[in-house]
Amino acid sequence: LMWPRATPPRAWNGTGSTPHFSEIVLGRCFTYTQLLRPELGHADCGQIGKAFTNAFLSKDPCHSSEQDYQLLLKLTSQTIPCHSSVFWSKSTQLAHLYTRVRQDMFTLEDTLIGYIADGLNWCGDAGSYEMNYQSCPHWRKDCINNPVSVFWDTVSKRFAENACGEVQVVLNGSVSNTFDKNSTFGRVEIHNLHPGKVSVLKAWVMHDIGGVYRPIKFLQCVKSPEDSSCRK
Ligand code: NAD
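Everything numeric in this text was worked out from a predicted model, so none of it was measured. (Residues numbered from 1 in each chain as written. Predicted model: local features only at pLDDT ≥ 70, side-chain atom pairs only at ≥ 80, totals over all residues. Heavy atoms only, no water.)

1. Details of the environment of Phe151
Stated formally: Secondary structure elements follow DSSP: runs of H or I of four or more residues count as helices, runs of E of two or more count as strands, with numbering from the N terminus. By definition, residues are in contact when any of their heavy atoms lie within 4.5 Å.
Within the secondary structure, Phe151 is located in helix α6 (residues 147-162). For the pair Phe151 and Tyr213, spaced 62 residues apart in sequence, the C-alpha to C-alpha distance is 38 Å. In this structure Phe151 touches Phe52, Tyr69, Leu72, Ile113, Ala117 and Trp122, once residues within four positions along its chain are discounted.

Structural data, given as structure tokens:
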């Protein structure tokens with residue numbers, strides 16, 4: 001039983017929760033575990049969906065914590081083979097095109113938890129059992145410890161801690177802060193790589209390419225990097 005709320009939830013400066021958040025989370029979880037990576041077919045998507053919403057519902061959306069996401073992290077643990085982790089910063093499109101061609105390589109968004117949450121928004125309210133679909137705290141304008149920022153910091157940290165062997169990062173050479181110390185990569189991930197496990201960090205500093213046909217060739221070259229037309 002619930003009391004009708006006395007006051008409407010606070011209006012924040014960020015976009016509200018994604019419509020149909022819970023259904024999208026459940027659908028993505030089943031897509032990933034049943035179709036994309038059947039080796040994770042044992043994952044319990046019902047439990048994962050519940051752990052995700054329980055991490056932030058009925059809580060102050062400016063006091064989210066790593067602790068809130070611990071059960072969700074446990075339920076989505078996944079082993080990524082050594083030499084296959086790809087980090088990125090300000091290069092989301094190119095990095096994900098790369099791992100789409102190279103199915104043996106993983107960005108965080110190619111893992112179960114990153115696949116489920118990518119592009120979604122979510123928050124609750126301390127005085128309600130519901131999600132707030134009207135607005136959520138903006139990480140700059142309202143508060144940094146909001147459910148979405150804390151989530152990405154937490155899962156990015158785990159992704160980096162678990163990386164091993166030769167790892168890669170795709171950086172954007174066409175922006176002024178190619179290595180941004182305030183980005184998730186510069187602030188969280190790079191500091192959580194284990195020197196005992198990670199032997200090399202290979203940084204791909206990619207520049208915007210002008211020509212119309214070159215991007216397509218670049219993608220072809222991902223698959224055949226030793227081809228003569230890809231070597232110069
Ligand atoms: P980036 O600067 O390109 O930011 C990536 C996205 O996260 C952008 O949409 C940005 O607006 C948002 N973002 C960055 N910091 C934020 C914060 N504190 N609160 C809310 N949103 C924030 O690149 P980055 O920050 O270096 O993050 C990319 C790296 O971190 C990747 O290696 C990935 O593993 C992980 N990551 C992924 C996501 C995602 O949305 N899929 C978000 C954050 C971090």
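2. Some details on α6
Side chains that are three or four residues apart share a direction in an α-helix, a result of its 3.6 residues per turn. So the rule is basically this: Here a helix's expected span is defined as the number of its residues, less one, multiplied by 1.5 Å. Partly exposed describes any residue whose relative accessible area lies between the buried limit of under 20% and the exposed limit of over 50%, with all areas from a 1.4 Å probe on protein chains only and scaled to the type maximum.
Between its terminal C-alpha atoms α6 stretches 23 Å, which fits the 22 Å expected from 16 residues at 1.5 Å a residue. Of all 16 residues in α6, 12 are buried, a share of seventy percent or more. Among the residues of α6, those classed as buried are Pro147, Val148, Ser149, Val150, Phe151, Trp152, Thr154, Val155, Ser156, Arg158, Phe159 and Ala160. Those residues of α6 that are buried lie in contact with α2 (45-54), α3 (70-75), β2 (86-89), α5 (112-117) and α7 (184-189).

3. Some points on the state of the cysteines
Convention followed: The disulfide criterion used throughout: a pair of cysteine sulfur atoms within 2.5 Å.
With the rule as written, the count across this model stands at five disulfides. The partner cysteine of Cys29 in its disulfide is Cys45, sulfur to sulfur 2.1 Å. A torsion of -80° about the S-S bond marks the disulfide between Cys29 and Cys45 as left-handed. Residue Cys29 is found in helix α1 (residues 21-36), and its partner Cys45 is found in helix α2; the two are separated by 16 residues along the sequence.

4. Description of the sheet that holds strand β5 (residues 198-206)
Quick note on the threshold: Strands pair, by our definition, only if DSSP identifies at least two bridges between them. To obtain each axis, a line is fitted to C-alpha atoms, and for helices this fit is confined to the stretch in contact; angles are then taken between N-to-C directions over 0 to 180 degrees.
Across the sheet, which stays open at both edges, the three strands sit in the order β2-β4-β5 with parallel pairing between neighbours. Because the sheet does not close on itself, it has two edges, and the strands there are β2 and β5. The mean inter-strand angle of the sheet, taken between neighbouring strand axes irrespective of direction, is 20°. Pairing of β2 with strand β4 (residues 165-172) involves four bridges; the strand directions are parallel. Across the sheet, Trp88 pairs through a bridge with Val170, a residue of β4. In this fold helix α4 (residues 92-101) packs onto β2, β4 and β5, with an angle of close to 160° to the strand it touches most, β2.

5. Observations concerning the packing of aromatic side chains
How we decide: Each Phe, Tyr or Trp ring (for Trp, its six-membered ring) is paired with any other whose centre lies within 6.5 Å, and the angle between the two planes then decides the class: stacked below 30 degrees, edge-to-face above 60, tilted in between.
Considering all chains together, one arrives at 14 aromatic pairs under this definition. Between Tyr32 and Tyr115 the ring centres are 5.3 Å apart and the planes differ by 50°, which places this aromatic pair in the tilted class. Placement of the pair is Tyr32 in helix α1 and Tyr115 in helix α5, with a sequence separation of 83 residues. By relative accessible area, which is 2% here, Tyr32 ends up buried. Taken together, a centroid distance of 5.1 Å and an interplanar angle of 85° make the contact between Trp122 and Phe151 edge-to-face. Note that Trp122 is positioned in the loop between α5 and β3 (135-136) and Phe151 in helix α6, a separation of 29 residues in sequence. A residue is classified by how much of its surface remains accessible, and Trp122, at 0% relative accessible area, is buried. Look at Phe151 and you get buried, because its relative accessible area is 0%.

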